[in-house]
Amino acid sequence: MTLNEGPTRGLRRRRSVAALAAAALAAAAMMAGQLAGTSAQAADPTTLTVQADTQMTTFNPFLSYYDGELNILGAIYPTLTMLDDTGTPEKYLADSWTTSSDQLTWTFKIHPGLKWSDGEPLTAADAAWTFNLIMHNATAATSNGSLVANFKSVTAPDATTLVIKTKQPQANMLYLSVPVSGIPIVPEHIWKSHVSGLKNYRNMDFPVVGYGPFVLTGFKTNQFAEMTANKDFFLGAPHYDKVVTNYYSNSDAAAAALTSGELDQIGGLTPAQFNAMSSKSNVMTYQTQSSGWTAIEINPGAKTRTGKPLGTGNPILSDIRVRQAIALGVNRPELVKKVLDGNGIVGAGYLPPGYPQFFWKPSPSQSLDYDPARAKQLLDQAGYKMGSNGVRVAPDGKPLEFRLGIHSDDATDAAIAPYLKEWMTAIGIKLTVNAMSFDQLNNDLAKGDWDILMDGWSTGPDPTYLLSIQTCGTLPEDNGSNGNTDAFFCNKKYDRLYAQQQTQFDAQARAATIAKMQSILYAGNADLILFYKNGLDALRTDQVSDYLQGAKQSDGFYPLQHGFASWWKAQPAAGAASASEKASEQSSNAFKWIGLGVLVVLVIGGVVVLLRRRTAAERE
Amino acid sequence: MSVGLPLEAPTVSGPEEGPERSDFWVYLARKIGAAIVSFVMLLVVGFVIFSLMPSDPVSALTRGRPTSDAQMNHLRQQLGLDHPLWERFLTFVGHTLTGDLGYSYEYHQPVSTLIADRLWPTLLLMGTSTLISIWLGMWLGIRAGWRPGSALDRGASAVSLALWSVPTFWLGLILLVVFGSGSVGGMPAIFPAGGMQTHGTAGGLAPSHITDVAWHLVLPCLTLVAVIFAQYVTIMRSSIIDERGNPYLLTARAKGLRDEVVRRKHAVPNALLPSVTVIFLQIGGMIGGAITVEVVYSWPGLGYLTFTALRIPDLQLLEGTFIVFSAAVIVCNLIADLLYRALDPRVRRQ
């Protein structure tokens with residue numbers, strides 16, 4: 001080591017700092033240049049970029065469960081029918097249909113002359129093959145097996161005729177094969193070779209052979225899926241060249257992506273995000289009708305199918321008067337105001353307002369609106385006297401103390417619980433809140449080990465399944481297995497009406513029967529519907545137009561929206577920046593700000609070096 | 001050095017190295033043995049933890065879809081969830097020992113494939129942020145510790161401890177909103193709000209792809225660096241302060257060396273050891289990714305994979321990631337132990 005080593009190294013270091021700074025600037029410039037270059041090179045197809053509702057893991061329509069996947073599948077595979085803006089089935093692959101006089105045979109006429117995206121003919125045989133596979137192969141039935149449970153046989157006598165025979169009349173036949181919530185029809189010539197390995201097949205050989213407004217052309221797990229327009233789609237070509245669904249693992253990132261222009265449309269905003277975006281001139285926020293509800297379920301006395309009591313539910317709750325008092329004690333309009341920031345509808349009927357044909361409200365005489373005085377009176381009359389500690393006691397001396405199970409990962413549940421606790425205390429009922437995981441809560445539910453639970457369901461356009469989970473047939477067997485009940489509700493009249501609506505082909509008659517069923521459920525007070533939460537969505541109006549389907553309603557909300565129709569009918573807004581222009585702008589911003597950042601660092605570094613030079617002698 | 005051992009192979013490296021080498025093999029065998037025991041224990045613990053979770057993956061997977069009892073039972077059979085616990089454990093151990101980490105029923109892919117796919121994004125994010133954190137933290141820590149109480153020391157300690165105390169997800173969200181949303185104070189969005197690449201860019205080693213990934217990397221990396229570097233600052237600072245009073249530094253100064261050289265050539269090498277431990281712990285934990293940062297920025301890495309697996313829960317995927325993460329920590333601890341021995345003669349003599 002020499003005495004000169006220090007200063008020499010110091011000089012070298014300063015040089016290296018300068019070199020580093022130059023390199024950083026060069027890197028920033030290169031990054032910006034590359035990003036801009038990328039955009040300049042692009043062929044500039046019009047691209048609609050939307051948020052994926054959920055993550056996507058497979059595009060095998062026989063195995064898919066996530067909404068993010070189902071939306072894609074709805075756009076790349078055909079179905080027999082589709083739904084119009086009001087949720088009514090209309091023709092898609094099937095140009096027309098007839099039913100036999102005994103209502104057991106449906107004959108669909110398939111649109112002639114169509115071809116799959118690989119050029120092979122699309123015929124009724126493909127539809128028959130798809131339905132038969134689901135009917136006879138347990139793995140193929142994973143996603144949609146319950147939809148064909150009543151099918152007896154499906155045949156294709158010729159290329160344009162599909163015949164479905166059912167065991168019992170089936171009123172919801174036209175809802176069974178619709179985009180997103182129904183059965184997609186797949187090309188037999190592609191899928192027959194995948195039947196043996198169906199369980200592990202993810203259908204990611206791009207471009208995926210299908211038929212619809214789009215063809216699936218790319219995918220990155222947990223990042224995005226890309227679809228390319230089918231300009232020959234027989235019902236009309238999409239206006240965009242591509243649709244990309246981006247997945248974000250948290251809603252704040254997705255909201256940021258909309259405001260920055262990375263996304264053109266987003267759904268599922270929180271009230272805070274929704275309100276924050278409302279003030280932006282290039283963003284349109286809108287609310288859509290709800291397809292589901294949030295409720296509390298009250299254990300009416302859990303029993304098995306043979307009537308054997310089950311679980312540890314408090315028997316006091318089997319008294320309908322106690323359940324009615326609880327209903328009267330809950331201020332549902334206040335929940336909508338405080339928990340949803342007003343972005344919802346006060347709950348009552350079992351089916352949500354997103355499907356107006358089935359939406360039901362109780363009559364004023366039947367309605368159990370918030371009335372704590374009446375609730376107290378009802379409990380007094382029923383013999384539940386107020387105890388010295390403010391908690392009522394049953395005639396046998398047992399206090400009205402109940403467990404309230406909430407989902408530990410659900411902010412809405414956590415927000416509702418304190419209100420419920422306070423309102424119940426006011427009428428002499430003590431609630432103990434137990435926050436549980438989704439699985440724990442479901443396990444307790446199945447075993448009947450609960451008093452009151454937070455509950456939530458959504459439904460597709462056909463409510464059959466949601467109605468079914470209130471039938472006696474879904475109670476568990478005596479050994480506790482095979483139960484699928486929502487709240488251990490069981491009512492013979494309800495079951496009869498359930499069977500009846502399944503056979504009613506007249507839409508209005510069926511809706512009337514379903515209204516009666518909802519009336520029975522409302523009176524039963526096992527499911528107390530608190531509210532229907534509106535969808536809070538936003539759209540970049542400077543980028544996209546005609547995205548929304550259906551007219552704004554009198555309450556200010558839009559009808560339920562479906563990716564299938566919105567993606568197909570959306571158009572680039574006049575003057576919208578192309579994908580390349582957006583990328584170019586962002587990269588130019590990045591360059592400016594990174595350059596500025598590097599400059600600031602250089603200036604600070606320079607000042608520090610100068611100061612250190614001046615004080616070098618002192619430090620030595 | 002043990003005195004009872006015969007001096008063997010003296011001709012190669014001198015009479016002192018024979019026993020030391022022999023000691024090394026004993027030391028190595030002991031450490032590897034301990035690592036194997038740890039691995040076996042984590043196999044049991046991993047299985048037990050996830051099996052005891054009150055969960056029904058089938059009902060979680062089918063949530064909100066019309067699913068009959070028969071469909072659900074078939075799914076349980078397919079996923080092997082209908083087998084008794086002991087049978088599942090034996091299958092799990094057998095598969096793990098043969099390198100089969102199971103099958104993810106959420107992703108419909110072998111767990112090992114999923115982990116391999118996510119390894120690179122995680123290594124890129126964690127590797128970059130760890131390297132920057134080590135460099136920045138040690139650079140600051142050395143200077144702060146060399147002149148305790150100086151403005152640099154006070155500033156570096158205050159800033160790093162403040163950032164260390166900030167919840168990672170909170171910091172991530174703040175940076176995201178400020179730099180990724182274009183809605184704060186008129187500043188445009190300069191970095192992407194999430195993901196690892198822009199849709200439509202070429203993949204592979206194309207320059208446009210590399211810069212695009214780097215562009216996406218900035219915010220998650222910045223978040224991690226802000227949180228991680230503090231530990232290097234504090235450890236290096238206290239180690240340097242410990243060394244400052246040692247006589248050998250006085251000797252170095254007496255030789256006429258400049259203050260900077262004394263610090264760099266003499267103080268820093270001796271103060272490095274505690275940092276080595278932290279660095280290797282960090283590298284071991286690196287493979288697990290940073291769940292919060294990956295989730296905030298939708299970064300498709302292993303931490304994010306674990307997060308999604310927990311929601312169902314995807315038991316085999318959870319078990320697989322648990323094994324890989326834990327094995328990485330065990331291996332890195334083993335390397336740290338061996339490196340310690342190489343770096344510090346005192347360890348060799350113990």
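Our subject is the structure that appears above.
In this report, we go over the structure that sits alongside the text. None of the values given here were measured: they were computed from a predicted structure.

Concerning the overall build of chain B
Looking only at helices and strands, chain B features 16 helices and two strands. Projected onto its principal axes, the C-alpha positions of chain B cover 85 × 70 × 40 Å. Each of the 350 residues in chain B was classed as buried or not, and the buried ones make up 39%. A fraction of 69% describes how many contacts in chain B between residues 6 or more apart in sequence connect residues 24 or more apart.

A look at the interface of chain B and chain A
Listed per partner, the contact involves 58 residues of chain B and 63 residues of chain A. Take the side of chain B that touches chain A: its biggest share by element is six residues, from helix α9 (residues 207-244) of chain B. Of the residues in the side of chain B that touches chain A, the class split is 25 nonpolar, 25 polar and eight charged.

Some remarks on the sheet that holds strand β17 (residues 401-407) of chain A
Residues and elements named next belong to chain A. Taken in spatial order, the six strands line up as β14-β20-β13-β19-β17-β18 in an open sheet, and their pairing is mixed. Among the strands making up the open sheet, the edge pair consists of β14 (344-346) and β18 (430-436). Sheet twist, expressed as the mean angle between neighbouring strand axes with direction ignored, is 30 degrees. Across three bridges, the pairing between β14 and strand β20 (residues 527-533) is antiparallel. Bridged to isoleucine 345 within β20 is tyrosine 532. Against the sheet, helix α11 (residues 438-447) engages β17, β18 and β19 (452-458), with an angle of about 135 degrees to β17.

A short note on the nonpolar core
Among the nonpolar cores identified, the biggest contains 160 residues, and Ile72(A), Ile76(A), Ala127(A), Met227(A) and Ala253(A) are the most heavily contacted of them. By residue number, the principal contributor to this core is α9(B), which donates 16 residues. Residue contacts for Ile72(A): discarding those within four places in its chain leaves Met56(A), Phe59(A), Leu216(A), Ala225(A), Met227(A) and Thr245(A). Counting 69 residues, the second-largest nonpolar core is a separate cluster that includes Ala302(A), Leu445(A), Phe488(A) and Phe489(A).

Notes on the packing of helix α6 (residues 111-146) of chain B against helix α12 (residues 273-286) of chain B
The relative placement of two packed helices comes down to the angle between their axes together with the axis-to-axis distance. Residues and elements named next belong to chain B. At a minimum axis separation of 10 Å, α6 and α12 run at an interaxial angle of 165 degrees. As summarised for this structure, α6 and α12 are arranged roughly antiparallel, according to the angle between their axes. Every pair of crossing elements has a handedness; the one defined by α6 and α12 is right-handed. Where α6 abuts α12, its residues Met126, Gly127, Thr130, Ile134 and Met138 lie against Ser275, Ile279, Gln282, Ile283 and Met286.

Comments concerning the environment of Ile174(B)
Mapped onto the elements, Ile174(B) comes out in helix α8 (residues 168-180). For the pair formed by Ile174(B) and Thr223(B), sequence separation is 49 residues and the distance between their alpha carbons is 9.5 Å.

Observations regarding the pairing of β20(A)
Residue and element names in this part refer to chain A. With respect to burial, β20 is a largely interior element, seven of its seven residues being buried. Relative to β20, strand β13 (residues 292-298) runs antiparallel, the two sharing four bridges. From the neighbouring strand, glutamate 297 faces β20, where its bridge partner is aspartate 527.

Quick word on the sheet that holds strand β4 (residues 94-99) of chain A
Each strand in a sheet pairs with its neighbour through backbone hydrogen bonds, running either in the same direction (parallel) or in the opposite one (antiparallel). All names here are of chain A. Here we have four strands laid out as an open sheet, ordered β4-β5-β7-β6, and antiparallel in their pairing. The open sheet is flanked by β4 and β6 (151-158), the only strands paired with a single partner. Geometrically, the sheet is characterised by an average inter-axis angle of 20 degrees between neighbouring strands, direction not taken into account. Note that strand β5 (residues 105-110) and strand β7 (residues 161-166) share five bridges and pair antiparallel. Counterpart to lysine 109 in the pairing with β7 is threonine 161.

Here we look at the environment of Val218(B)
Here Val218(B) shows up in helix α9. Note on Val218(B): 19 C-beta atoms within 10 Å, which makes it partly exposed.

Side note on the pairing of β5(A)
Residues and elements named next belong to chain A. Alternating positions in β5 separate cleanly, Trp106, Phe108 and Ile110 being buried on one face and Thr105, Thr107 and Lys109 remaining unburied on the opposite face. With five bridges connecting them, β4 and β5 associate as antiparallel partners. Each bridged residue has a counterpart across the sheet, and for serine 96 the counterpart in β5 is lysine 109. Count of turn residues in the β4/β5 antiparallel hairpin: five residues, of which glutamine 103 carries a positive phi of about 65 degrees.

As for unusual backbone geometry
Residues and elements named next belong to chain A. With an omega dihedral of -5 degrees, the bond running from phenylalanine 206 to proline 207 counts as a cis peptide bond. Despite not being glycine, aspartate 546 has its phi angle at roughly 60 degrees, a positive value. In this fold, aspartate 546 is placed in the loop between β22 (544-545) and α15 (563-569).

With respect to the packing of α8(B) against α9(B)
All names here are of chain B. Look at α8 against α9: their axes get within 10 Å of each other, and the N-to-C directions meet at 140 degrees. Taken together, α8 and α9 sit at an angle that is classed as oblique. Classified by chirality, the crossing of α9 by α8 is right-handed. Residue-level inspection shows Thr168, Leu171, Gly172, Leu175, Leu176, Phe179 and Gly180 of α8 in contact with α9, the latter providing Leu219, Leu222, Thr223, Ala226 and Val227. Looking at side-chain class alone, the contact of α8 with α9 contains eight nonpolar, four polar and no charged residues.

Conventions adopted
- Residues numbered from 1 in each chain as written.
- Chains lettered and ligands numbered in written order.
- Predicted model: local features only at pLDDT ≥ 70, side-chain atom pairs only at ≥ 80, totals over all residues.
- Helix = DSSP H or I, 4+ residues; strand = E, 2+ residues; numbered from the N terminus.
- Buried ≥ 20, exposed ≤ 12 C-beta atoms within 10 Å, placed from the backbone.
- Contact = placed C-beta atoms within 7 Å.
- Nonpolar A, V, L, I, M, F, W, Y, C, P; charged D, E, K, R; others polar.
- Pairing = 2+ DSSP bridges.
- Axes fitted to C-alpha atoms, helices over the stretch in contact; angles between N-to-C directions.
- Core = buried A, V, L, I, M, F, W, Y, C linked by C-beta atoms within 7 Å.
- Parallel < 35°, antiparallel > 145°, perpendicular 65-115°, else oblique.
- Left-handed = near helix turned anticlockwise from the far one by under 90°.

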